[in-house]
Amino acid sequence: MVYVKPPYVDWPGDLFVVAAWTAAWGLAHALLDRGFLVPLANSLFKAKTDADISLPPAGTRKKMKSAVTASPSDNQKAAKPSDDAKAVMRIRQKFIYSGWKCFAYSLSTAVGVVVLSEDSWWTSPKEWLLDYPDPTSWLMKTYYYIGFGSYVYQTLTVMSASKQSDFWGVVVHHIATLSVMAASYAFGFTRIGVIILLLHDCSDPFMEFAKCNLYMGKQKVADLFFILFALVFLSTRNILFPFVIYSAHEYSILEDGTRMPRGHGEWGNFCLGCLWVLAALNMYWGYLILKIAVMTAAKGEVEGDIRDEE
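**Q** Kindly report on unusual backbone geometry, identifying the contributing residues and their values.
**A** Excluding glycine, residues mostly have negative phi values, and the peptide bonds linking residues are mostly trans. Cis geometry is found at the peptide bond from Trp 11 to Pro 12, where omega equals 0°. Among the structural elements, Pro 12 can be located in the segment before helix H1 (13–44). Cis geometry marks the peptide bond from Tyr 132 to Pro 133; its omega dihedral reads -5°. Turning to its location among the elements, Pro 133 is positioned in the loop between helix H3 (83–117) and helix H4 (138–158).

**Q** Hey, could you go over the pattern of salt bridges for me, with residue numbers and the actual values?
**A** As enumerated under the stated definition, the model contains four salt bridges in all. Residue Lys 141 is joined to Asp 14 by a salt bridge in which the shortest nitrogen-to-oxygen separation is 3.7 Å. Placement of the pair is Lys 141 in helix H4 and Asp 14 in helix H1, with a sequence separation of 127 residues. In this structure, Lys 141 and Asp 14 share a single accessibility class: buried. Salt bridges sharing common partners tie together Lys 101, Glu 208 and Lys 211.

**Q** Account for the environment of Pro 39, naming residues and giving values.
**A** Looking at the secondary structure, you find Pro 39 in helix H1. In the structure, Pro 39 is positioned 57 residues away from Ile 96 in sequence and 9.7 Å away in space, judged by C-alpha atoms.

**Q** Residue-level account of the packing of helix H6 (residues 190–201) against helix H8 (residues 219–251), with values.
**A** Two measures define how a pair of helices packs: the angle their axes make with one another and the distance between the axes. Here H6 crosses H8 at 170°, and the two axes come no closer than 10 Å. With respect to their mutual orientation, H6 and H8 come out roughly antiparallel. The element H6 and its partner H8 pack so that their crossing is left-handed. Only Thr 236, Arg 237, Leu 240, Phe 241, Val 244 and Ala 248 of H8 make contact with H6, whose side of the interface consists of Ile 192, Ile 195, Ile 196, Leu 199 and His 200. Of the residues that constitute the contact of H6 with H8, the class distribution is eight nonpolar, two polar and one charged.

**Q** With reference to specific residues and values, describe helix H5 (residues 167–186).
**A** A rise of 1.5 Å per residue sets the reference length of H5, with its 20 residues, at 28 Å; its end C-alpha atoms lie 29 Å apart and thus fit the reference within 8%. With 15 of its 20 residues buried, H5 lies for the most part within the structure.

**Q** Which residues make up a negative patch on the surface, and what values do they have?
**A** The grouping of Glu 118, Asp 119, Glu 127 and Asp 131 at the surface amounts to a negative patch. Residue position: Glu 118 is located in the loop between H3 and H4.

**Q** Account for the state of the cysteines, naming residues and giving values.
**A** Throughout the structure, instances matching the rule amount to zero disulfides. Cys 212 takes part in no disulfide bond, and the closest cysteine sulfur to it belongs to Cys 102, at a distance of 6.0 Å. By relative accessible area, Cys 212 is classed as buried at 8%.

**Q** Give me the packing of aromatic side chains: which residues, what numbers.
**A** Remark: the centre distance and the inter-plane angle together describe each pair of aromatic rings, the angle taken between the planes. Applying the stated criterion across every chain, the model contains 16 aromatic pairs. Look at Phe 148 and Tyr 185: their rings are 6.4 Å apart centre to centre, the planes differ by 85°, and that puts the pair in the edge-to-face class. Taken as a pair, Phe 148 in helix H4 and Tyr 185 in helix H5 lie far apart in primary sequence, 37 residues in all. Both residues of the pair, Phe 148 and Tyr 185, count as buried. Judged by centre distance (6.3 Å) and plane angle (40°), the ring pair of Phe 226 and Phe 229 falls under tilted. One end of the pair, Phe 226, and the other, Phe 229, are both in helix H8, three residues apart, so they sit about a helical turn from each other. With respect to burial, Phe 226 and Phe 229 carry one shared label: buried.

Thresholds applied
Residues numbered from 1 in each chain as written. Predicted model: local features only at pLDDT ≥ 70, side-chain atom pairs only at ≥ 80, totals over all residues. Heavy atoms only, no water. Helix = DSSP H or I, 4+ residues; strand = E, 2+ residues; numbered from the N terminus. Salt bridge = Lys/Arg side-chain N within 4 Å of Asp/Glu carboxyl O. Buried < 20%, exposed > 50% of the residue type's maximum accessible area, 1.4 Å probe, protein only. Axes fitted to C-alpha atoms, helices over the stretch in contact; angles between N-to-C directions. Parallel < 35°, antiparallel > 145°, perpendicular 65-115°, else oblique. Left-handed = near helix turned anticlockwise from the far one by under 90°. Contact = heavy atoms within 4.5 Å. Nonpolar A, V, L, I, M, F, W, Y, C, P; charged D, E, K, R; others polar. Expected span 1.5 Å × (residues − 1). Patch = residues over 30% accessible without salt bridge, like charges linked within 9 Å, V, L, I, M, F, W, Y side chains within 5 Å. Areas by Shrake-Rupley, 256 points an atom, 1.4 Å probe, with all protein chains shown as cover. Lys, Arg positive; Asp, Glu negative; His and termini not counted. Charge placed at Lys NZ, Arg CZ, Asp CG, Glu CD. Disulfide = S-S within 2.5 Å. Phe/Tyr/Trp six-rings, centres within 6.5 Å; stacked < 30°, edge-to-face > 60°.

In structure tokens:
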């Protein structure tokens, strides 16, 4: 059977819109970084020595690093920041990166909540695929654009961020998420796609806000928001998300026993496979969160992101 394109799909126009949203996320990052986060970090974190060393905007940090690490000439000795200054600069960079992610995930989550609030289909799993291909409002389509742009931008920028122990897990997660979003959009599973995108964004603002407060020395606030993060993450990604996968398995079977979309069941199976990859990664991160919780209970406070490689 010939594949019928859902009415909301506009190829290749959708690709240009996604590219524009990716660029918009990059522009927003640069503006927030330069106009707010960098000045804030420079004012909050000052070294005991080398107090005049301030962290420049993201676009000039590589140049600064090259200047610091360059070999001095015979006639001029390059100034080297003290160990304390280096530590402060590292904290500033972490604070700025977490601040950006807190903003980005908060914005995406807010849009997702608005999308779901416009209708009630999300309250009943049977309705997720009832009118397949899913009716897709302009707001749902905009949310897809925002999500596509966000994850493409994250995938591009994660390569330049400080490497963490789950680096490849994050890369695989982003690729699997983009694959699920693309397939769900192209084959009419947008309702499930919207739910999955929201479930995977809504816990992150709590974690990033907790990390920002931890860097600022506000331990009690960091502990509180880490607890909130853990509760939201475990409930959305380790409980609700497997239920979404089960519902997708259960309600995507057609009357003849084949998988949606009709005539292209392999794409439905591909989407389900990507969902299980995401579920496995969520279980791994859930384990890390529980490990931090045990450490916190033993020591009485959150000490940092367990994924950091110092």
